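# Overview (structure and organization)
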Amino acid sequence: SNWPGSQIAYAGDNNTLNVGAGYSGVVWLNPQSKVEYKTGVNDIDASAADGNLILVGRGNVGTLIKGGRGTNAMWGGGSSQDILQGGSGANTFWYASGDGTDTVTNFHSGTDKINYYAGGFDRIGSSGGDVVIGAGDGSLTIKDAAARRLDVLLGGTDYRCWFGRSDRDSSVVA
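Residues numbered from 1 in each chain as written. Predicted model: local features only at pLDDT ≥ 70, side-chain atom pairs only at ≥ 80, totals over all residues. Heavy atoms only, no water.

### A word on the overall build of the chain
When helices and strands are counted, the chain shows zero helices and 17 strands. Looking at the chain as a whole, 43% of its 174 residues qualify as buried. Long-range contacts, defined as pairs at least 24 residues apart, comprise 27% of the intrachain contacts of the chain with a sequence gap of at least 6. Here the chain has roughly 8,200 Å² of accessible surface; of this, 47% comes from carbon and sulfur atoms. (Helix = DSSP H or I, 4+ residues; strand = E, 2+ residues; numbered from the N terminus. Buried < 20%, exposed > 50% of the residue type's maximum accessible area, 1.4 Å probe, protein only. Contact = heavy atoms within 4.5 Å. Areas by Shrake-Rupley, 256 points an atom, 1.4 Å probe, with all protein chains shown as cover.)

### Looking at the nonpolar core
One broad rule of soluble globular proteins: the nonpolar side chains tend to lie buried together. With 31 residues, the main nonpolar core has Val 19, Leu 55, Val 104, Ile 114, Ile 142 and Leu 150 as its most contacted residues. For this core, the secondary structure elements donating two or more residues are β2 (16-19), β5 (53-56), β9 (91-96), β11 (113-118), β13 (130-135), β14 (138-142) and β15 (150-154). No other element matches the three residues that β13 contributes to this core. (Core = buried A, V, L, I, M, F, W, Y, C linked by side-chain atoms within 4.5 Å.)

### Focus on the packing of aromatic side chains
Across all of its chains, the model carries four aromatic pairs by this definition. Between the aromatic rings of Trp 75 and Tyr 117, the centroid separation amounts to 6.1 Å while the plane-to-plane angle is 90°, which identifies the pairing as edge-to-face. In this pair, Trp 75 is assigned in strand β7 (residues 72-75) and Tyr 117 in strand β11, connecting sequence segments 42 residues apart. Judged by its relative accessible area of 23%, Trp 75 falls in the partly exposed class. Look at Tyr 117 and you get partly exposed, because its relative accessible area is 34%. An angle of 55° between the planes, with centres 5.7 Å apart, marks the rings of Tyr 95 and Tyr 116 as tilted. (Phe/Tyr/Trp six-rings, centres within 6.5 Å; stacked < 30°, edge-to-face > 60°.)

### Describing the confidence of the model for the chain
Taken as a whole, the chain shows an average pLDDT of 80; of its residues, 79% reach a score of 70 or greater. Note on residues 1-5: pLDDT is under 50 here. Beyond four places in sequence and across chains, it has 13 contacts. (pLDDT = per-residue confidence, 0-100.)

### Let's talk about the pairing of strand β16 (residues 157-162)
One ladder, built from five bridges, connects β15 with β16; its direction is antiparallel. In the sheet register, Val 152 faces β16, and the bridge partner there is Tyr 159. In textbook terms, the turn of a hairpin is the stretch between consecutive antiparallel strands, and for β15 and β16 this stretch comprises two residues, one of which, Gly 155, has a positive phi near 60°. (Pairing = 2+ DSSP bridges.)

Next up, the structure:
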């Protein structure tokens, strides 16, 4: 079934919720979200959307979230293995201690941010071409970000981080 204006519809496989052009708002797959989605819908594809979006996964089920062309705030939603794929607009990727092992792809240096919103992390560094921020058993891996600036919001302070650049020591600047 489709929502008014056909801006949100189920994909043919019924496992993906497609968000179309013209939609701005919240898409939250969590069962407590007051929106009834079909059983088995785990992924959100907002790549065609051009509005301001808040995209939240199902919780303890691995979710693929694809951001849109507008402003995107993305959170996997719980202790699972989520993939957060940045859209072409400005993206904020939310993560906290206990959020599982998540991966960010299509990160735009200087435009996108990581919002580490709760708890602390016990490690941060580069691994190959990626940046890994870890907390206990969980981690957030930002693919192909090691040689670029990474903006991390932590406790209300915006930090700029660089890892693995030959022209600059690995550093964190508030």
